[in-house]
Amino acid sequence: MSLLYHMTSPSVLSRILARSISLRQSALFSKNKDCTFFTRKEIMRLFYRYQDLAPQLVPLDYTSCPDVKVPYELIGSMPELKDNPFRQRIAQVFSEDGDGHMTLDNFLDMFSVMSEMAPRDLKAYYAFKIYDFNNDDYICAWDLEQTVTKLTRGELSTEEVSLICEKVLDEADGDHDGRLSLEDFQNMILRAPDFLSTFHIRI
Amino acid sequence: MSHQLKGQGEEGGGGTRGRARSGSLGTGDRSRRSPSMKRPHRAEKAPVPRRAQPGQKKRTGGSPGSGSPRRKQAERRGRRELLGDRERGSAEKTCGGRRKDGRASLREQRAPSKKEKEVRRKEEMWKQLKKHRSSSVASSTSSGESLSEEELARILEQVEDKKKLIASMRSKPWPMARKLAELREAQEFVEKYEGALGKGKGKRLYAYRMLMAKKWVKFKRDFHNFKTQCIPWEMKIKDIESHFGSSVASYFIFLRWMYGVNLVLFGLIFGLVIIPEVLMGMPYGSIPRKTVPRAEEEKAMDFSVLWDFEGYMKYSALFYGYYNNQRTIGWLRYRLPMAYFMVGVSVFGYSLMIVIRSMASNNQGSTSEGESDNFTFSFKMFTSWDYLIGNSETADNKYASITTSFKESIVDEQESNKEENVHLTRFLRVLANFLIICCLCGSGYLIYFVVKRSQEFSKMQNVSWYERNEVEIVMSLLGMFCPPLFETIAALENYHPRIGLKWQLGRIFALFLGNLYTFLLALMDDIQLKLSNEETIKNITHWTLFHYYNSSGWNESVPRPPLHPADVPRGSCWETAVGIEFMRLTVSDMLVTYITILLGDFLRACFVRFMNYCWCWDLEAGFPSYAEFDISGNVLGLIFNQGMIWMGSFYAPGLVGINVLRLLTSMYFQCWAVMSSNVPHERVFKASRSNNFYMGLLLLVLFLSLLPVAYTIMSLPPSFDCGPFSGKNRMYDVIQETVENDFPTFLGKIFAFLANPGLIIPAILLMFLAIYYLNSVSKSLSRANAQLRKKIQALREVEKSHKSVKGRATARDSEDTDKNNSKNDTQLTKEGTAHHSASQSLTLDQKAQGPGASSSAGKTVLPASQHLPVSRAPGVRPDSGQARPQAHPWRSTSGKRAWRPPH
């Protein structure tokens, strides 16, 4: 098998091999279907994407349910994610141990939440987690600073950044505790006109 | 798009939930009616004979002896085995639980592979970790079934909850493994207690609907993309906006809008005037007005002559003089003079209409945005990044645009906070206005003086070059020095840059009006001169023709060949002269603009960029530096250019075509120049939401340019030998002629009646009254709007303060409960990992279900959930249970301990 890999391009090979076991695979993945916003076909496609990320690591035959994780470096280099300033956070939030390494289930989870069928509440919940950099269940001033710095690539001065953070807290902090709770965040994001259209990855 | 998207999602979700619920209700009724009927039915369906045993056990469980703990335990074990067995067969029969998932194909489900069983086994191991949970369910249910009606009802309720859970599983914020496990558990549960169900039809329908929903969403998206792609230069403008801010982009949007308007005008004029004349009118060279005169023939094709729009250019369809005064042309009997007049009128009509309509729609758009004011920065921070971006160039632009928009908002914020020393600012503003009015008056007087002098010079012979061109020189000097002067003075005023731009625009506009005034004055003089000469030329023409045909020395019997059109003496045709003047002005204006951009921006940028290496001071940061984009100058240039077009298009139909070309090239050229050689403004500011100020200026210019055209049409006689109206006393006579000759007589009477001043004056009065009424209505409405907005703001403040008080109180409460529950914590840490995320999701669910309850219940649970891994700890149960009566789906799945009596 490894010899074959060297001979042909992995993606082509994966397609060929995939045909042969796709029946079994799809039966296997059909259970994921109820847990995601994807059809079985889309899940299969996502699986191939996942497999393509690390063909050496991930077996094509997933029926034995191997316990493999694709490292963050490969996840973050996907074209869908590589230009996203929050890609590391996304990977961390959806990975099991918060280190960014993902199993197939995590991978499916991630794109399910990011799909356009996912409801606003679910998206808001994960958006909150993504913007909560220090994982303390609150978006505090430090998290906001991180967000602004990532969004602007650090092109704003410190005064400007702190002014922005102050304003955000002033606007969205419903209970004046100096940080945004999940409720504050949802309250705010509920009114955002283009949250659903921007918090969305097409795959 | 997002709204529709959301709507679709909700619809789909609601549909599932609804169906699941209704299905379970039906079965619930059935099972309630005959609880004993259900079980044998299920037992006979069971594939493994062993399964019958626990089932029987369960039935006997109703005996009083079932209370003994040992027996119960045995029962539990049996139940667990049963669950394991069922799991294996569940692929075939879980349709009850899964029927809401229509996309499942039955064939696939009926073919479970060996590998799948392995997976099952693995998951079973995971399941055993939570055995006390499932066993507790088993115990409670087993005792419940046999015991009483309430227990039964509770189970039914639980089944229903499970179904809801299955339906909403995909929107639970849990990791996949947990979702899978919960899903399986819920499916088993439902299957076990629900029994056989009618299925199949609803499923397919549901699948179909889901498919259609997805297709629809995709179609919408594609259509939206297509629409965006159809907007010309959208990407270019977005690019500029992301680097230079919305104020610079507003100029380009204005330019694009102008291009659209001009395209329509171009279509109108070309389609209805120029093309009919070229196709159906008399060909070139057939009549004097369509022929180059003999004296000009030699040089008519020289480039320098053509460049001045003389020679062949002058006698082409581009200008008024070319058109013949034949009433109808071609086999279509197209009434060209009439069409010419009507097109001239409708150019103005259409422009007025489109400008006013766009102003009105801008106004409407600006009132509808109220909510986003409250969350400017939050929305920018959390929703501005587009996760769809998968291209590094786009990402770079997005970074730039986010930075720019943050800067814009910061400028707005700083300006709104700045409230120091009102008196000084007020004084400075008055002073600045005074200075600028002085400047304007001075320059106005200067223009007036120079124009007067030039009229005297024009009467004198042998004037010097300076004296001849004095007006132009003074005008361009004023145009060069006044705007920077105004800008310097405006620095005193300390306005927000957006408002500053408006003032600047207004002031330069006033200055340019002088330009317009001198231009029109010179033109009028020219026209008067030509008109006064016309009578004599007319006589000469008649005399020449008369003599040509009656001269002696020609054979009387043979009629003379007609005089060659080039030899006929002709008048000066003031209309064409006016058209040529506007044409020249437009072209030279265009060239001057381009050369200024090339020299002032591009060469300067090159110089600064490349000479910086070998210069004694820092060129980039120091004196010349890079140019900023001059918004006010460019906008006014565009507006005045459009004024020229409106004024000239009646006398030079080709002018609009030239202008379309100009706008097109200007779009590309300026886009390139901005991106290549300009730097963003020091204070990037957001453009006003509606660029109604530009539109207002445009409307003013339109009105001003309408005046001279209307004047010439109404009160000057057309030339006798050129243009579509030649031979008439006034140009508008063409209407009268058409009405009299082509319309039935009663229509003519109606027109005459309508033109009666006795009717027109009351109509005008009525219009004024209507305007007054509508104006007052709109004022009162906008006042009401402002008040409502204020109220909303006040409400929000109240809500905020209320929340903060409440939040502090609940925080204190939660700390108390925290202490009380600390011992429970240690006891329940086993479940902790599984429940941690669940406790968060609980709050999420709650909010989705009851916004009313969320403010109170969410507050109490949220802080607790942080400290307590298990939010269903006995200590907090009473109040949280009261607060959320709907939170069952979660409770029933992961919180099975609810059924256990509290210890």
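Being a predicted model, the structure only gives us computed values, none of them experimental. (Residues numbered from 1 in each chain as written. Chains lettered and ligands numbered in written order. Predicted model: local features only at pLDDT ≥ 70, side-chain atom pairs only at ≥ 80, totals over all residues. Heavy atoms only, no water.)

What is the right way to look at the overall build of chain B in this model?
Per the secondary structure count, chain B includes 33 helices and two strands. Buried positions account for 44% of the 903 residues belonging to chain B. At a minimum sequence separation of 6, the contacts of chain B that also span at least 24 residues come to 79%. When the accessible surface of chain B is summed, it comes to about 47300 Å², and 62% of that surface belongs to carbon and sulfur atoms. (Helix = DSSP H or I, 4+ residues; strand = E, 2+ residues; numbered from the N terminus. Buried < 20%, exposed > 50% of the residue type's maximum accessible area, 1.4 Å probe, protein only. Contact = heavy atoms within 4.5 Å. Areas by Shrake-Rupley, 256 points an atom, 1.4 Å probe, with all protein chains shown as cover.)

Whenever I open this one, the packing of helix 9 (residues 158-172) of chain A against helix 16 (residues 376-383) of chain B confuses me. Can you help?
In a pair of packed helices, the angle between the axes and the distance between the axes together describe the arrangement. Contact pair helix 9 of chain A / helix 16 of chain B: the axes reach a minimum separation of 7 Å and the direction vectors enclose 110°. Taken together, the axes of helix 9 of chain A and helix 16 of chain B lie roughly perpendicular to each other. Of the residues in helix 16 of chain B, those in contact with Ile164, Lys167, Val168, Glu171 and Ala172 of chain A of helix 9 of chain A are Thr376, Phe377, Ser378, Met381 and Phe382 of chain B. Grouping the constituent residues of the contact of helix 9 of chain A with helix 16 of chain B by class yields six nonpolar, two polar and two charged. (Axes fitted to C-alpha atoms, helices over the stretch in contact; angles between N-to-C directions. Parallel < 35°, antiparallel > 145°, perpendicular 65-115°, else oblique. Nonpolar A, V, L, I, M, F, W, Y, C, P; charged D, E, K, R; others polar.)

I'm lost on helix 22 (residues 574-611) of chain B in this one. Help?
Within an α-helix, residues lying three or four positions from one another point in the same direction, as the helix has 3.6 residues per turn. Here helix 22 of chain B contains 38 residues, and its C-alpha end-to-end distance of 52 Å stays within 8% of the 56 Å for a straight helix at 1.5 Å per residue. The largest bend along helix 22 of chain B reaches roughly 25° and is located at leucine 603 of chain B. (Expected span 1.5 Å × (residues − 1). Bend = angle between axes of the 7 residues up to and from the residue.)

Which parts of the structure should I look at to understand the state of the cysteines?
What we call a disulfide is simply a covalent bond connecting the sulfur atoms of a pair of cysteines. All names here are of chain B. Across all of its chains, the model carries one disulfide over all chains by this definition. The disulfide bridge from cysteine 573 ends at cysteine 722, spanning 1.8 Å between sulfur atoms. In this structure, the disulfide formed by cysteine 573 and cysteine 722 twists by about 95° around the S-S bond and is classed as right-handed. Pair noted here: cysteine 573 is in the loop between helix 21 (497-550) and helix 22 and cysteine 722 is in the loop between helix 25 (692-715) and helix 26 (733-742), with a separation of 149 residues, a long-range link. Here cysteine 438 is not disulfide-linked; the sulfur of cysteine 441 is the nearest cysteine sulfur, at 6.7 Å. On the basis of relative accessibility, which here comes to 39%, the residue cysteine 438 falls in the partly exposed class. (Disulfide = S-S within 2.5 Å.)

Please explain the UniProt feature "domain: EF-hand" (unreviewed entry) in chain A as it appears in this structure.
Annotation from UniProt places "domain: EF-hand" (unreviewed entry) at residues 160-195 of chain A. Along residues 160-195 of chain A, the helical share is 61% and the strand share 0%, with 24 Å between the first and last C-alpha atoms. (UniProt positions renumbered as here; feature names shortened; annotations may be inferred.)

Would you mind showing me how to read the packing of aromatic side chains here?
For the coordinates displayed, the defined rule picks out 50 aromatic pairs over all chains. Here tryptophan 216 of chain B and phenylalanine 219 of chain B contribute two aromatic rings whose centre-to-centre distance is 5.7 Å and whose plane-to-plane angle is 20°, an arrangement assigned as stacked. Pair noted here: tryptophan 216 of chain B and phenylalanine 219 of chain B are both in helix 11 (residues 201-230), with a separation of three residues, about one helical turn. With relative accessibility at 46%, the residue phenylalanine 219 of chain B sits in the partly exposed group. An angle of 45° between the planes, with centres 5.0 Å apart, marks the rings of phenylalanine 602 of chain B and tryptophan 672 of chain B as tilted. Of this pair, phenylalanine 602 of chain B sits in helix 22 while tryptophan 672 of chain B sits in helix 24 (residues 655-677), and the two are 70 residues apart along the sequence. Relative accessible area serves as the criterion here: at 27%, phenylalanine 602 of chain B is assigned to the partly exposed category. Counting every residue linked through ring pairs, the aromatic cluster contains Tyr320, Tyr322, Tyr323, Tyr340, Phe341, Trp574, Phe650, Tyr651 and Phe725 of chain B. Note that arginine 89 of chain A overlies the ring of phenylalanine 133 of chain A, its terminal NZ or CZ placed 5.6 Å from the centroid. Taking NZ or CZ as reference, lysine 290 of chain B lies 4.6 Å from the ring centre of tyrosine 322 of chain B, over its face. (Phe/Tyr/Trp six-rings, centres within 6.5 Å; stacked < 30°, edge-to-face > 60°. Lys NZ or Arg CZ within 6 Å of the ring centre and 35° of its normal.)

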